Amino acid sequence: MIISNLVNSSRVEVLHPLFKKLFDFVRSYDFSCAPLGRIDIDGDNLYVMNTETEAVSQEQQLLELHNQYLDVHILLEGRERIGWKAASDLIQEEKAYSPEGDCALYSDAPTTYVDLVPGQFVVAYPEDAHAPCIGEGKIRKLIAKVKL
């Protein structure tokens, strides 16, 4: 998992051919007026979900795992805690992996937490089980899906 700030996104843009396109789009788009939902940047290869959700407690949130896409969580408003655990250490499967939704869910406790403020982002690779949207109150964020 990578944690950084949008100001420093150029440092991670070399890690995937679509990262520069993603971060250029995020820096140039006014999300305050954008409707919630999917925004295509490069079809199914790269898109963002513009979301607003109520945060949940650490105990309620499950770890999620993806195989076909990298997740890039970009916080726009609020405070968010994201839990992390190595996929190789997961044992408590709650929902088996589904290729249609590119997701499996686990009830294991995260081993590490990171707290985000607006302007920060997290990149979650397939080996990074992550539990997003932990906290209190509303969270406004982008979840970018970057095809592997």
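Per an unreviewed UniProt entry, the protein carries the name YhcH/YjgK/YiaL family protein and comes from Mediterranea massiliensis.

J.: I'd like to hear about the overall build of the protein, residue by residue, with values.
T.: Secondary structure assignment for the protein yields one helix and twelve strands. When its helices and strands are written in sequence order, the protein yields β-α-β-β-β-β-β-β-β-β-β-β-β. In summary, the protein has a C-alpha radius of gyration of 14 Å against a globular reference of 15 Å for 148 residues, a match within 12%. Structurally, the protein occupies a C-alpha span of about 40 × 30 × 25 Å along its principal axes. When burial is assessed residue by residue, the protein has 47% of its 148 residues classed as buried. When the accessible area of the protein is evaluated, it comes to approximately 7400 Å², of which 51% is carbon and sulfur surface.

J.: So, the environment of L76: which residues are in play, and what are the values?
T.: Position of L76 among the secondary structure elements: in strand β5 (residues 69–77). Along the sequence, L76 and V117 sit 41 residues apart, while their C-alpha atoms lie 8.0 Å from each other.

J.: Go over the packing of aromatic side chains, please, and point to the residues and values.
T.: Any two aromatic rings considered together are summarised by their centre-to-centre distance and by the angle between their planes. According to the stated counting rule, one finds six aromatic pairs in the structure shown. Their ring planes at 50° and their centres at 4.7 Å tell us that Y29 and F31 sit as a pair that is tilted. The exposure class assigned to Y29 is partly exposed, which follows from its relative accessible area of 33%. Look at F31 and you get buried, because its relative accessible area is 6%. Through a chain of ring-to-ring contacts, three or more aromatic side chains come together here, namely F19, F23 and F121. The ring of Y47 carries the charged tip of R38 above its face, separated from the ring centre by 3.6 Å.

J.: Explain helix α1 (residues 19–28) to me, and be specific about the residues and the numbers.
T.: For α1, the full list of buried residues reads F19, L22, F23, F25 and V26. Along the long axis of α1, the arc covered by the buried residues comes to 160°, so they all point the same way. As for α1, its buried residues are in contact with β2 (37–42), β3 (46–54), β5, β10 (120–124) and β12 (138–147).

J.: Break down the nonpolar core for me, with residues and values.
T.: Most often, soluble globular proteins keep nonpolar side chains buried together rather than apart. By size, the foremost hydrophobic cluster in this structure holds 23 residues, and its most contacted members are L22, F23 and V72. Elements with a contribution of two residues or more to this core: α1, β3, β5, β10 and β12. Per element, the largest residue contribution to this core is five residues, and it comes from α1. Setting aside residues no more than four positions away along its own chain, V72 makes contact with F19, L22, F23, F121, V122, V123, L142, I143, A144 and V146.

About the criteria used
- Residues numbered from 1 in each chain as written.
- Predicted model: local features only at pLDDT ≥ 70, side-chain atom pairs only at ≥ 80, totals over all residues.
- Heavy atoms only, no water.
- Helix = DSSP H or I, 4+ residues; strand = E, 2+ residues; numbered from the N terminus.
- Rg over C-alpha atoms; globule rule 2.2 N^0.38 Å.
- Buried < 20%, exposed > 50% of the residue type's maximum accessible area, 1.4 Å probe, protein only.
- Areas by Shrake-Rupley, 256 points an atom, 1.4 Å probe, with all protein chains shown as cover.
- Phe/Tyr/Trp six-rings, centres within 6.5 Å; stacked < 30°, edge-to-face > 60°.
- Lys NZ or Arg CZ within 6 Å of the ring centre and 35° of its normal.
- Arc of directions from axis to C-beta.
- Contact = heavy atoms within 4.5 Å.
- Core = buried A, V, L, I, M, F, W, Y, C linked by side-chain atoms within 4.5 Å.

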